[in-house]
Amino acid sequence: MQRGSSEKELAAGWEAEEAAAAKAQAAAKQVRADAGAAGESERKAGEEPSKDPAPVQPRAADEGDARSLPRPPPALPLSEPKPAPAHGLCRHGKPRCKGRSCKRSSGRGPDGHRSQRPVTVDSSKARTSLDALKISIRQLKWKEIPFGRRLPCDIYWHGVSFHDNDIFSGQVNKFPGMTEMVRKITLSRAVRIMQNLFPEEYNFYPRSWILPDEFQLFVAQVQMVKDGDPSWKPTFIVKPDGGCQGDGIYLIKDPNDIRLAGTLQSRPAVVQEYICKPLLIDKLKFDIRLYVLLKSLDPLEIYIAKDGLSRFCTEPYQEPSPKNLHHIFMHLTNYSLNIHSGNFVHSDSTSTGSKRTFSSILCRLSSKGVDIKKVWSDIISLVIKTVIALTPELKVFYQSDIPAGRPGPTCFQILGFDILLMKNLKPVLLEVNANPSMRIEHEQELSPGVFENVPSLVDEEVKVAVIRDTLRLMDPLKKKREKQSQQLEKPLAAKEDPSDSELASAADVNTNAEAHLPSICLKQVFPKYAKQFNYLRLVDRMANLFIRFLGIKGTMKLGPTGFRTFIRNCKLSSSSLSMAAVDILYIDITRRWNSMTLDQRDSGMCLQAFVEAFFYLAQKKFKMLPLHEQVASLIDLCEYHLSLLDEKRLVCGHGGASGGRPACSGTPQEAALSAQPAEGNPLPCVDSAHKLSHSRHALS
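Residues numbered from 1 in each chain as written. Predicted model: local features only at pLDDT ≥ 70, side-chain atom pairs only at ≥ 80, totals over all residues. Heavy atoms only, no water.

Engineer: Describe the packing of helix H2 (residues 130–140) against helix H10 (residues 457–474), naming the residues involved and giving the relevant values.
Structural biologist: Viewed as axis vectors pointing N to C, H2 and H10 meet at an angle of 55°, and their least axial separation amounts to 9 Å. Here H2 is positioned oblique relative to H10, judged by the angle of their axes. Along this stretch, H2 crosses H10, giving a crossing that reads as right-handed. Across the interface between the two elements, Ala132, Leu133, Ile135, Ser136, Ile137, Gln139 and Leu140 of H2 pack against Glu460, Val464, Ile467, Arg468, Leu471 and Arg472 of H10. Residues of the contact of H2 with H10, tallied by class, amount to eight nonpolar, two polar and three charged. (Axes fitted to C-alpha atoms, helices over the stretch in contact; angles between N-to-C directions. Helix = DSSP H or I, 4+ residues; strand = E, 2+ residues; numbered from the N terminus. Parallel < 35°, antiparallel > 145°, perpendicular 65-115°, else oblique. Left-handed = near helix turned anticlockwise from the far one by under 90°. Contact = heavy atoms within 4.5 Å. Nonpolar A, V, L, I, M, F, W, Y, C, P; charged D, E, K, R; others polar.)

Engineer: For the environment of Arg568, give the residues involved together with the corresponding values.
Structural biologist: Along the chain, the position of Arg568 falls in helix H15 (residues 560–569). The class for Arg568 is partly exposed, based on a relative accessible area of 32%. It is 8.7 Å that separates the C-alpha atoms of Arg568 and Met579, two residues lying eleven residues apart in sequence. (Buried < 20%, exposed > 50% of the residue type's maximum accessible area, 1.4 Å probe, protein only.)

Engineer: I'd love a proper account of the confidence of the model for the protein chain, names of residues and values included.
Structural biologist: Per-residue confidence for the protein chain gives a mean pLDDT of 80; residues scoring 70 or more make up 71%. When pLDDT is averaged over each element of the protein chain, strand E11 (residues 301–305) comes out on top at 98 and helix H20 (residues 688–692) at the bottom at 40. Low confidence marks residues 42–82, where pLDDT is under 50. Its contacts with residues over four positions away, or in another chain, come to five contacts. (pLDDT = per-residue confidence, 0-100.)

Engineer: Lay out the packing of helix H16 (residues 579–596) against helix H17 (residues 607–621) with the relevant residues and their values.
Structural biologist: At a minimum axis separation of 9 Å, H16 and H17 run at an interaxial angle of 140°. With respect to H17, the element H16 is oriented oblique. The two elements H16 and H17 meet at a crossing, and its hand is right-handed. In contact with Leu585, Ile589, Arg592 and Trp593 of H16, H17 contributes Gln608, Ala609, Glu612, Ala613, Tyr616 and Leu617. For the contact of H16 with H17, the class distribution of residues is seven nonpolar, one polar and two charged.

Engineer: Could you give me a rundown of the packing of aromatic side chains, with the residues and numbers involved?
Structural biologist: Counted by the stated rule, this structure contains 18 aromatic pairs. Taken together, a centroid distance of 4.8 Å and an interplanar angle of 50° make the contact between Trp209 and Phe218 tilted. Residue Trp209 is classed as buried on the basis of its relative accessible area of 4%. The class of Phe218 is buried, set by a relative accessible area of 0%. When the centroid spacing of 5.7 Å and the interplanar angle of 70° are considered together, the rings of Phe549 and Phe566 count as edge-to-face. A residue pair is termed long-range when its members are at least 10 positions apart, and Phe549 in the loop between helix H14 (538–548) and H15 and Phe566 in helix H15 qualify at 17 residues. Aromatic ring contacts, followed pair by pair, group Phe546, Phe549, Phe563, Phe566, Tyr586, Phe610 and Phe614 into a single cluster. It is Lys355 that lies over the ring of Tyr335; its NZ or CZ is 3.7 Å from the centre. A cation over an aromatic ring shows up here: Arg356 above the ring of Phe312, its NZ or CZ 4.1 Å from the ring centre. (Phe/Tyr/Trp six-rings, centres within 6.5 Å; stacked < 30°, edge-to-face > 60°. Lys NZ or Arg CZ within 6 Å of the ring centre and 35° of its normal.)

Engineer: Could you give an account of the nonpolar core, naming the residues involved and the relevant values?
Structural biologist: Counting residues in each nonpolar core, the largest one holds 111 residues, and the members touching the most others are Phe417, Phe563, Phe566, Phe614 and Val631. The residues contacting Phe614, other than those within four sequence positions of it, are Met542, Leu545, Phe566, Val631, Leu634, Ile635 and Cys638. Of all hydrophobic cores here, the second largest spans 34 residues; its members include Ile135, Ile137, Ile414 and Met438. (Core = buried A, V, L, I, M, F, W, Y, C linked by side-chain atoms within 4.5 Å.)

Engineer: How would you explain the sheet that holds strand E3 (residues 155–158) if you had to name every residue and give the values?
Structural biologist: Judged by pairing direction, the sheet is parallel, and its five strands sit side by side in the order E2-E1-E3-E4-E14 without closing on themselves. With partners counted over all chains shown, the strands left at the sheet margins are strand E2 (143–145) and strand E14 (410–411), one partner each. As judged from the two bridges shared by E3 and strand E4 (residues 171–172), these two strands associate in the parallel manner. By the bridge assignment, Ile155 is partnered in E4 with Gln171. Here H2 sits on the sheet in contact with strand E1 (120–125), E2 and E3, set at roughly 150° to E2. (Pairing = 2+ DSSP bridges.)

Now the structure itself:
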């Protein structure tokens with residue numbers, strides 16, 4: 001794939017979406033204007049005095065205030081009293097229901113269609129995002145459940161993790177395992193796997209070492225580079241694995257300067273090469289907080305917000321030196337640190353102060369001749385590649401918490417990507433936040449030690465739009481409204497004069513339910529650009545194999561029997577790889593990975609250990625190819641043999657059902673482990689063997 005052409009396609013696609021969004025917003029404004037004009041004309045027509053005015057009707061109940069009142073019926077002559085209803089009928093002329101009172105209101109509109117209920121959102125666990133969530137729900141005219149309830153809600157909004165509540169239905173704004181996946185060590189390991197496969201594609205993440213496990217490797221590699229280039233004087237940044245908001249981060253010039261090396265075992269960390277030449281604005285270093293919506297894991301759907309936040313340091317930047325390494329307000333962009341600086345500037349303007357919108361930065365760069373389309377395409381590419389690196393292990397977490405066939409919610413999540421632009425405008429990934437702050441106010445010190453929460457217009461402009469439009473994309477009743485609107489439009493088409501039909505107004509209400517809202521600020525980037533990035537999803541396919549052979553629902557580690565079954569079913573054992581060698585491989589890799597991970601709840605092979613074993617098998621079988629081609633070839637081989645096995649099992653099942661030969665051979669334990677087809681790969685039809693036979697010789 002040509003990298004330059006893919007970047008041009010990304011930029012062109014983003015520009016086309018911007019133009020389409022502008023047209024949609026203009027059309028929405030026109031719809032609102034037309035609706036207003038029509039309503040005004042109807043109001044004037046209704047206000048024309050009649051010769052025999054009808055008696056004044058009583059005011060509608062509060063529940064109906066939001067709807068237009070029906071026309072008052074003509075006054076009945078006083079001399080003719082209303083006849084009593086016939087025996088067995090209610091006062092509305094309908095058969096009486098035994099044990100129930102008859103009610104005029106049945107939940108249906110004048111056209112006979114059931115009126116749509118509002119979407120319900122449980123906000124009882126929203127925490128710091130509550131204010132922005134409340135505004136979003138109000139703008140959408142949905143219903144907030146602030147204290148939770150026993151009845152299920154459509155959407156549950158959690159502030160911290162998937163496990164904030166026990167949920168068995170609906171949608172929840174957290175994925176199980178996401179908090180663990182974006183921790184600094186786990187993220188670094190996931191990206192490193194991709195860097196081994198595609199080093200050029202994943203050069204947006206600084207070179208990293210995991211402490212304490214790789215401390216000696218870190219010292220040795222730095223010394224080796226210095227010996228080859230004595231002029232190289234690097235700076236490194238140390239980040240505690242569980243740290244947040246800048247806690248515990250510091251800079252060093254020499255590996256031996258790492259503080260408290262003895263406590264690293266209790267508080268592991270990641271050390272990275274420090275970016276010494278960042279892009280500066282007003283002589284200040286800044287980073288970008290970009291909001292990314294992971295709408296679905298399988299199939300993968302990714303959206304990126306068109307605007308984000310730019311957080312500025314509060315001390316003019318200088319390249320690191322022994323004299324300024326400890327100047328945190330110069331080197332660290334964390335908002336939670338710089339807000340305590342005396343130079344921090346609160347501003348209601350989006351283009352000034354210590355926190356600004358990312359769009360204001362782009363406008364400023366554009367005025368200086370910077371190619372903004374190229375900047376955006378590079379950022380989109382970075383986001384998609386990072387999510388592709390995270391999704392394999394997220395799938396393992398997901399099937400553990402929500403096994404297939406068991407009740408559970410569907411998940412989505414807003415992620416906070418922290419990105420730094422280098423002086424040459426190349427984006428660099430700093431970290432990913434599973435719980436980005438959605439607060440829309442900031443603390444202001446009125447007097448020493450006395451603080452007050454003050455609204456932040458910059459935060460509100462960006463964050464409310466992200467939450468509101470995330471809810472719009474996840475709206476569980478949207479399809480029902482669209483279907484109802486289509487049903488209402490059918491009888492309209494048959495009417496000669498639809499202007500007199502009550503269906504017209506009902507259809508307009510459904511069609512323009514979001515006409516009062518601005519265009520959605522979240523733009524889809526995957527699967528829209530899937531063709532440019534699908535070749536990177538090799539580890540995702542390995543995760544599907546891993547999950548297939550887990551055997552027991554809810555587990556996250558592969559046992560020795562499952563690994564042997566994987567080797568046997570994929571025909572990977574040979575004269576050069578005996579099953580005894582397979583057992584030794586399993587024991588060695590599993591033991592080493594279990595010693596590095598803090599989670600010892602389950603024994604067995606984790607996904608990352610399985611990936612390492614898979615790399616070893618691929619290199620052993622396809623020796624003369626680059627690593628990514630070796631791995632791709634082995635995946636193709638495994639998927640091919642498993643598809644034949646699934647086909648054989650399907651044929652055997654049909655034969656057993658029709659009284660033919662009984663089940664296929666194999667031990668019950670192995671049959672249980674390999675019974676499920678690979679995720680995303682349905683059972684092939686009988687003709688699939690002919691399609692796969694073309695690649696048989698190449699794969700074997």
